[in-house]
Amino acid sequence: MSDESIALEFLVERSPFPLPAAWSGVLERAYGEGRRAYHTLAHVAEVAKHFDFARARSVVHDASSVFVAILFHDAVYDAKAHDNEALSLIHISEPTRPY
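Throughout, a residue's number is its position along its own chain's written sequence, starting from 1. Only residues with pLDDT of at least 70 get local features here, since the model is predicted, and only at 80 or more are side-chain atom pairs given and counted; chain-wide, interface and lining totals rely on the full set of residues. Note that water and hydrogens are dropped before the side-chain values are worked out from all heavy atoms of the structure.

1. Brief notes about the packing of helix H3 (residues 41-56) against helix H4 (residues 63-72)
No. 1: The interhelical angle for the contact between H3 and H4, taken along N-to-C directions, is 160°, at an axis separation of 9 Å. On the basis of their axis angle, the class for H3 and H4 is roughly antiparallel. Like other packed secondary-structure pairs, H3 and H4 cross with a definite hand, here right-handed. Along the contact surface, H3 presents Val44, Val47, Ala48, Phe51 and Arg55, while H4 presents Ala63, Val66, Phe67, Ile70 and Leu71.
No. 2: Under this grouping Gly is polar, as are all residues other than the nonpolar Ala, Val, Leu, Ile, Met, Phe, Trp, Tyr, Cys and Pro and the charged Asp, Glu, Lys and Arg. Looking at side-chain class alone, the contact of H3 with H4 contains 9 nonpolar, no polar and 1 charged residues. Structural elements are reduced to axes, namely lines fitted to C-alpha atoms, with helices fitted over the stretch in contact, and the angle between N-to-C directions of any two is expressed from 0 to 180 degrees. Counting from the N terminus, the helices are DSSP H or I runs at least four residues long and the strands are E runs at least two residues long. Orientation is classified from the angle alone, with under 35 degrees giving roughly parallel, over 145 giving roughly antiparallel, 65 to 115 giving roughly perpendicular, and any other angle giving oblique. What makes a crossing left-handed is the near helix being turned counterclockwise from the far one by less than a right angle; a clockwise turn instead makes it right-handed. Contact criterion: two residues are considered in contact whenever any of their non-hydrogen atoms come within 4.5 Å of each other.

Here it is, written out as structure tokens:
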């Protein structure tokens, strides 16, 4: 099993809600782009560990919204762009849209 597959499995297990099936494919495609050195699914899984820590201490008040933000925060990544986060949000509601 690849590191990315392990990371995705970790995220599915940690999710406070059942992840839509289409999202798994979006996440694998987005974070699996070959040009990414750091912003990968392994990075997202590391962020999710902090989510677990904060959630255990009742710091997170809307777990589902926070988890969605974690999942998609770098779905679109271009080091020279300034709208990555905004473009990443599109994949939440339009998971089959190409990016």
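2. Considerations on helix H1 (residues 3-14)
No. 1: In this scheme, a helix's expected span is set at 1.5 Å multiplied by one less than its residue total. With 12 residues, H1 extends 16 Å between its outermost C-alpha atoms, agreeing within 8% with the 16 Å of an ideal straight helix rising 1.5 Å per residue.
No. 2: Only protein chains enter the accessibility calculation, which uses a 1.4 Å probe; a residue whose area is less than 20% of its type maximum is buried, one above 50% is exposed, and one in between is partly exposed. Taken residue by residue, H1 has Ala7, Leu8, Phe10 and Leu11 as its buried positions. Burial along H1 is one-sided: seen end-on, the buried residues are contained in an arc of 160°. Arc, as used here, means the arc of the directions from the helix axis to the C-beta atoms.

3. Here's the deal with the nonpolar core
No. 1: The nonpolar core is taken to be a set of buried Ala, Val, Leu, Ile, Met, Phe, Trp, Tyr and Cys residues, with the residues joined through side-chain atoms within 4.5 Å. Core analysis: the largest hydrophobic core is formed by 25 residues, its most contacted members being Leu11, Phe67, Leu71 and Phe72.
No. 2: Among the elements of the structure, H1, helix H2 (21-31), H3 and H4 are those that each provide at least two residues to this core.
No. 3: For Leu11, the residues in contact, after removing those within four places along its chain, are Leu41, Val44, Ala45, Ala48, Phe67 and Leu71.

4. Section: the packing of aromatic side chains
No. 1: The pairing test for Phe, Tyr and Trp rings, Trp by its six-membered ring, is centres within 6.5 Å, and the orientation test on the planes gives stacked under 30 degrees, edge-to-face over 60, and tilted for anything in between. Counted according to the given criterion, the structure contains 4 aromatic pairs.
No. 2: Their ring planes at 85° and their centres at 6.5 Å tell us that Phe17 and Phe67 sit as a pair that is edge-to-face. Pair noted here: Phe17 is in the loop between H1 and H2 and Phe67 is in helix H4, with a separation of 50 residues, a long-range link.
No. 3: Three or more aromatic residues link up through ring pairs in this structure, and these residues are Phe17, Trp23, Phe51, Phe67 and Phe72.
No. 4: A ring has a charge above it when a Lys NZ or an Arg CZ is no more than 6 Å from the ring centre and no more than 35 degrees off the ring normal. Sitting over the face of the ring of Phe53, Arg57 holds its NZ or CZ atom 3.5 Å from the ring centroid.

Distances and angles like these do not, on their own, reveal function.
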